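Structural characterization, general
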Amino acid sequence: MAITIRDVRAILTMPDGANRLVIVKVETSEPNLYGLGCATFTQRHTVVRTAVDEYLKPFLIGKDAERIEDLWQTMYQNSYWRNGPVLNNAISGVDQALWDIKGKLARMPLYQLLGGKCREGAAVYRHANGRDHAEVLERVQQFVEQGYHYIRVQLGGYGGDSQGVSRPSPDSALPGVYFDPDTYARSIPVLFEYMRSKVGYDVELLHDVHERLVPIEAIRLAKQLEPYRLFFLEDPLPPEQNEWFTMLRQQCATPIAMGELFNNPHEWIPLITRRLIDFIRVHVSQIGGITPAKKLAALAEAFGVRTAWHGPWDTSPVGHAANLHLDLSSPNFGVQEWGGRFPEAVQEVFPGIPEERNGYLYPNDKPGLGIDLNEKAAARYPCSDGPPGWTLTRAPDGTAVRP
Ligand code: GCO
Ligand code: MG
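Keep in mind the model is a prediction, meaning the values are calculated, not measured.

Basis of the calculations
- Residues numbered from 1 in each chain as written.
- Chains lettered and ligands numbered in written order.
- Predicted model: local features only at pLDDT ≥ 70, side-chain atom pairs only at ≥ 80, totals over all residues.
- Heavy atoms only, no water.
- Core = buried A, V, L, I, M, F, W, Y, C linked by side-chain atoms within 4.5 Å.
- Buried < 20%, exposed > 50% of the residue type's maximum accessible area, 1.4 Å probe, protein only.
- Domains from an automatic or database assignment.
- Contact = heavy atoms within 4.5 Å.
- Donors = N, O, S within 2.8 Å, 3.2 Å for Na, K, Ca; no water.
- Helix = DSSP H or I, 4+ residues; strand = E, 2+ residues; numbered from the N terminus.
- Axes fitted to C-alpha atoms, helices over the stretch in contact; angles between N-to-C directions.
- Parallel < 35°, antiparallel > 145°, perpendicular 65-115°, else oblique.
- Left-handed = near helix turned anticlockwise from the far one by under 90°.
- Nonpolar A, V, L, I, M, F, W, Y, C, P; charged D, E, K, R; others polar.

1. Here's the deal with the nonpolar core
- Core analysis: the largest hydrophobic core is formed by 112 residues, its most contacted members being I280 and F350.
- Mapping this core onto the domain boundaries places at least three of its residues in each of domain 1 (5–109) and domain 2 (113–401).
- Filtering out sequence-adjacent residues up to four positions away, I280 remains in contact with M258, G259, F262, W268, I272, L296, A300, V305, R306, T307, A308 and W309.
- Listed in part, the 10 residues of the second largest apolar core include A123, Y150, A257 and V335.

2. As for the coordination of the magnesium ion (ligand 2)
- Binding of the magnesium ion (ligand 2) to the protein goes through D208 (OD), E234 (OE) and E260 (OE), at separations of 2.0 to 2.2 Å.
- Site description for the magnesium ion (ligand 2): donor spacing in sequence, D-x25-E-x25-E. Linking D208 in strand β7 (residues 204–208) with E234 in strand β8 (residues 232–234), this pair joins segments that are 26 residues apart in sequence. When sorted by exposure, D208 lands in the same class as E234, which is buried.

3. Examining the packing of helix α1 (residues 45–60) against helix α3 (residues 85–106)
- Where α1 meets α3, the axes come as close as 9 Å, and the angle between the chain directions of the two elements is 55°. Accordingly, the angle class assigned to the pair α1 and α3 is oblique. In this structure, α1 crosses over α3, and the sense of that crossing is right-handed. Here V47, V48, A51, V52, L56 and L60 of α1 lie close against α3, whose contacting residues are V86, L87, N89, A90, I91 and V94.
- In terms of residue class, the contact of α1 with α3 is made up of 11 nonpolar, 1 polar and no charged.

Spatial relationships are all this shows, so hold off on functional conclusions.
The following block contains the structure:
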């Protein structure tokens, strides 16, 4: 007798008071057998809920919960137009939940179903940020003392936004988050010269350009950073300018990470098959969940590209659990982004968050994803509404810049 899907619900919650999270719960015909999946697109959370509740739920009710691949393919093509962040996140929520159910049925942690462990724990990197060199250095040194080997270094967040704008903006400038790409670009080689002089080369340092430079300036920056041996330089280009990666690769040996903004296989396939990047960094729920992510990891392995799944605070703990099962079972795992210990409220909503010790993330070995959702607690943390403000980024003359 097939185990069928009895209910599908999107649950929105914001227990840390800042990051809007979307979780999908798939309940089955078996009493108490359910799965959880991450569908978090924090800038458009209610639209994902609509896609789940109004389209995927009626599509899935009564279907065989064990047919993950067929359900993924049919959800994907059911909307005809596909490969966008909203529908992919909705599909991911269901997909991850079905893998969670599969693990519970097999009475195994998901990584076992994906081929077993390639390593005991997944090495993580933390975010060291500051308004000046001293603040950044203090954070880096704290992380080193806490046992982290991989540390992302930012001066004033993304685009150096705390450095302000060095050039006057025109009269009646439009509202927005202003920063000066030129000031930012010139500040980063100086920052890494300072960091390396203070911490040496035994710690792996990373940096996220966050697509904030025009392509040729990103290439210039990557070349200037070569002597500082970054573990990787992230998002040097916006996805719309992927073709510039060829020139970047021809001119520079700084390792490149890209992918958190990708939705469509056409964005990553050329970069991987032409060996133009070193780390693939998609937001797993944004490409449709574990089913496409495990295929992407295998493609990357064939071309010598490692994984570094996107994993900041606006990935839900369910998404972090999914990342971890992929990390443990992929031979070409690179590093895992990790925001650090979640606040108590988040831990209350999500019992079973992966444990981090000395810079490594470990599973709890419960079946499936190994994480649960306390719906009553989740309901106590309603999401804020409306569009985010920080993505309204502008150059000094008011030109809109990718955020
Ligand atoms: C990262 C990302 C994030 C994004 C955020 C967008 O490397 O972690 O760049 O910081 O800005 O996830 O919502
Ligand atoms: Mg990033």
